[in-house]
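Architecture at a glance
What follows is the residue order along each chain.
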Amino acid sequence: MAGNSFGQAFRITTAGESHGVGNVVIIDGVPPGIPLSVEDLMVDLNRRRPGQSKIVSSRDEPDEPEIISGVFEGRTTGTSIAIFIRNTDSRSQDYGTIKDLYRPGHADYTYDAKYGFRDHRGGGRSSARETAVRVVAGVVAKKILAKAFGGRVVGYVVQIDDIRANISDPAEVTPEAVEELADGEPNIVRCPDAKAAAAMKERIEQVRAEGDSLGGVAEIVATGVPPGLGEPVFDKLKADLAKGLFSLPAVLGVEYGSGFASATMRGSENNDAFVSGDAGKEIRTASNRHGGMLGGISSGMPIVLRAAVKPTSSIPRDQDTVDRHGNAATISTPGRHDPCLLPRFIPMAEAMVAIVLADHWLRNRQQQML
Ligand SMILES: Cc1cc2nc3c(=O)[nH]c(=O)nc-3n(C[C@H](O)[C@H](O)[C@H](O)COP(=O)(O)O)c2cc1C
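Keep in mind that this is a model prediction, so the values were computed, not measured.

Rules of the game
Numbering of residues begins from 1 in every chain and follows the order in which that chain's sequence is written. Only residues with pLDDT of at least 70 get local features here, since the model is predicted, and only at 80 or more are side-chain atom pairs given and counted; chain-wide, interface and lining totals rely on the full set of residues. Secondary structure elements follow DSSP: runs of H or I of four or more residues count as helices, runs of E of two or more count as strands, with numbering from the N terminus. Our radius of gyration is a C-alpha quantity, and the globule rule it is checked against amounts to 2.2 Å times the number of residues to the power 0.38. In this description, a residue-residue contact is defined by the distance between C-beta atoms placed from the backbone, which must lie within 7 Å. In this analysis, the expected span of each helix is defined as 1.5 Å times one less than the number of residues it contains. Here exposure depends only on C-beta density: within 10 Å of a residue's C-beta, 20 or more other C-beta atoms make it buried, 12 or fewer make it exposed, and intermediate numbers make it partly exposed, the C-beta atoms being placed from the backbone. For every element, the axis is a line fit to its C-alpha atoms; helices are fit only across the contacting stretch, and the angle between N-to-C directions ranges from 0 to 180 degrees. Angular relationships are summarised with four words: roughly parallel below 35 degrees, roughly antiparallel beyond 145, roughly perpendicular across 65 to 115, and oblique for the angles in between. Should the near helix be turned counterclockwise from the far one by less than a right angle, the crossing is left-handed, whereas a clockwise turn marks it as right-handed. Just so you know the grouping, Ala, Val, Leu, Ile, Met, Phe, Trp, Tyr, Cys and Pro go in nonpolar, Asp, Glu, Lys and Arg go in charged, and all remaining residues, Gly too, go in polar. When DSSP finds two or more bridges between two strands, those strands count as paired. Defining nearness, a residue is near a molecule or strand when the C-beta atom obtained from its backbone falls within 6 Å of it. We call a set of buried Ala, Val, Leu, Ile, Met, Phe, Trp, Tyr and Cys residues a nonpolar core when their C-beta atoms link them within 7 Å.

**Regarding the overall build of the chain**
Scanning the chain from N- to C-terminus turns up eight helices and 18 strands. By the compact-globule yardstick of 21 Å for 370 residues, the chain fits well, its C-alpha radius of gyration being 21 Å. Principal axes of the C-alpha set define a box for the chain whose edges measure 65 × 50 × 45 Å. A sequence separation of at least 24 residues applies to 70% of the contacts in the chain between residues at least 6 apart.

**Digging into helix α8 (residues 342-365)**
The terminal C-alpha atoms of α8, which comprises 24 residues, lie 34 Å apart, in line with the 34 Å expected from a rise of 1.5 Å per residue. α8 sits mainly inside the fold: 21 of its 24 residues count as buried.

**Overview of the packing of helix α3 (residues 131-149) against α8**
Closest axis-to-axis distance for the α3/α8 pair is 7 Å, and the angle between their directions is 50°. Comparing the axis directions of α3 and α8 gives the class oblique. In this structure, the crossing between α3 and α8 has a hand that is left-handed. Across the interface between the two elements, Thr131, Arg134, Val135, Ala137, Gly138, Ala141, Lys142, Ile144, Leu145 and Ala148 from α3 touch Pro347, Met348, Glu350, Ala351, Met352, Ala354, Ile355, Leu357, Ala358 and Trp361 from α8. Its residues placed into classes, the contact of α3 with α8 shows 15 nonpolar, two polar and three charged.

**Things to note about unusual backbone geometry**
Most peptide bonds adopt trans geometry, and most residues besides glycine take a negative phi value. The peptide bond linking Pro232 to Val233 adopts the cis configuration, its omega dihedral lying at -10°. Within the secondary structure layout, Val233 lies in the loop between β10 (216-223) and α6 (237-246). We note that Arg190 has phi near 65°; this positive angle belongs to a residue other than glycine. Relative to the helices and strands, Arg190 is located in the loop between α4 (175-179) and α5 (194-209).

**Quick look at the sheet that holds strand β2 (residues 11-16)**
Strand order in the open sheet formed by five strands is β1-β2-β3-β7-β4, with antiparallel pairing between adjacent strands. Of all the strands in the sheet, just β1 (5-6) and β4 (65-69) have a single pairing partner and so form its edges.

**Details of the sheet that holds strand β8 (residues 152-160)**
Strand order in this open sheet of five strands is β9-β8-β10-β16-β11, and the pairing throughout is antiparallel. The strands lining the two open edges of the sheet, one partner per strand, are β9 (163-164) and β11 (251-256). Note: β11 against strand β16 (residues 303-309), five bridges, orientation antiparallel. Looking across to β16, one finds that Gly253 is bridged to Ala308.

**Concerning the site of the ligand**
The environment of the ligand is made up of 20 residues, and the closest members are Ser126, Ala128, Pro249, Ser314 and His337. For the shell around the ligand, a count of residues per class yields eight nonpolar, nine polar and three charged.

**Some remarks on the pairing of strand β18 (residues 328-331)**
Judged from the four bridges that link them, strand β17 (residues 319-322) and β18 form a sheet pairing that is antiparallel. In the strand pairing of β18, Thr321 is matched with Ala329. Between the end of β17 and the start of β18, which pair antiparallel, lie five residues, with Gly326 showing a positive phi angle near 90°.

**Comments concerning the environment of Ile331**
Take Ile331: it is sitting in strand β18. Through-space distance from the C-alpha of Ile331 to that of Pro186 is 35 Å; in sequence the pair is 145 residues apart. Ignoring anything within four residues of it in the chain, the contact list for Ile331 reads Ile98, Leu101, Arg103, Gln319 and Thr321.

**Things to note about the nonpolar core**
The biggest cluster of nonpolar side chains holds 78 residues, and the ones touching the most others in it are Val157 and Ala349. With 15 residues, α8 is the single largest residue contributor to this core. Residues in contact with Val157, not counting those within four places in the same chain, are Ala165, Val189, Arg190, Cys191, Met200, Gly216, Ala218, Leu342, Pro343 and Ile346.

In structure tokens form, the structure reads like this:
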């Protein structure tokens, strides 16, 4: 009913708000014996955290997770894992002036309409702060995928505003190319096409200076996924991946493979021919317009999906709105907001994809022929 849990065999439950004490995740279904430390969790948390570069929110939180249960002597025990992350840099006073106003494009009005009142500080539970604990659950899920079938999930930015990256093969993009430029400098936009990344960075800085924000598209690729993950019919892999991605804040579209472009293709253009793999035994497809899933079940080809992320709604310029009594008002949201959500969205999207795949791998394991 309350919608705070996700997944079946690998199940996460989160609680927490942007400006409360902190956020917690309980992860059920993790097999025993997987090495897990705070340092492991920090890798992706540092990619998600605000304050990591000059083009993201300046909220400065170290995001130090505390493993409360489910890990003994550095390995998962098989019992439920609880991980807590304290909020340490919330400036609730920043939100005092918009307490009774509805930010256009944000969740203020709908939370009030649903609950009758809301925690207005930093967006409460609608804030992307909640995703910090999903990212740690994603680290655990990624470990399961790596151990179970050598699986890997890599996300990166393919579009910001009208600037598009040129990616020849999504399955070949490495985490290093996403995080680092050729000269060793951090790739703060997380776009592996260096030329596009430079143009994107410049556009973000320009639009931020204009007091506005920008949207874009993230691409997430899962490689090594064996055929057979996904259930008929409501729990199709593509349905659960879409739910996982749409559960993240600011996502307005999800597509797989040829996606919306398939609307203008002929069947003969969109079909992927089946061929024998390198060993002459396993079956693969010559192209991957199906995005790695057929009938909602993984085909063994890389899973390729894209999420459209809207421009940040909180912007430091006057916008028309109303207060909670319906009186016309003007609102401006200076605060510490990301001018473009894409660079920090990447680890969140990878986490949700890894969580769904770990869930379906564990579920599929129960259905093997005896
Ligand atoms: C990485 C990330 C950071 C975000 N930071 C902000 C922010 O600083 N200010 C803001 O207004 N919205 C931010 N959002 C988006 C809001 O959380 C989101 O738009 C809001 O909850 C309304 O939900 P909806 O856009 O899914 O309808 C962020 C989203 C993501 C993915």
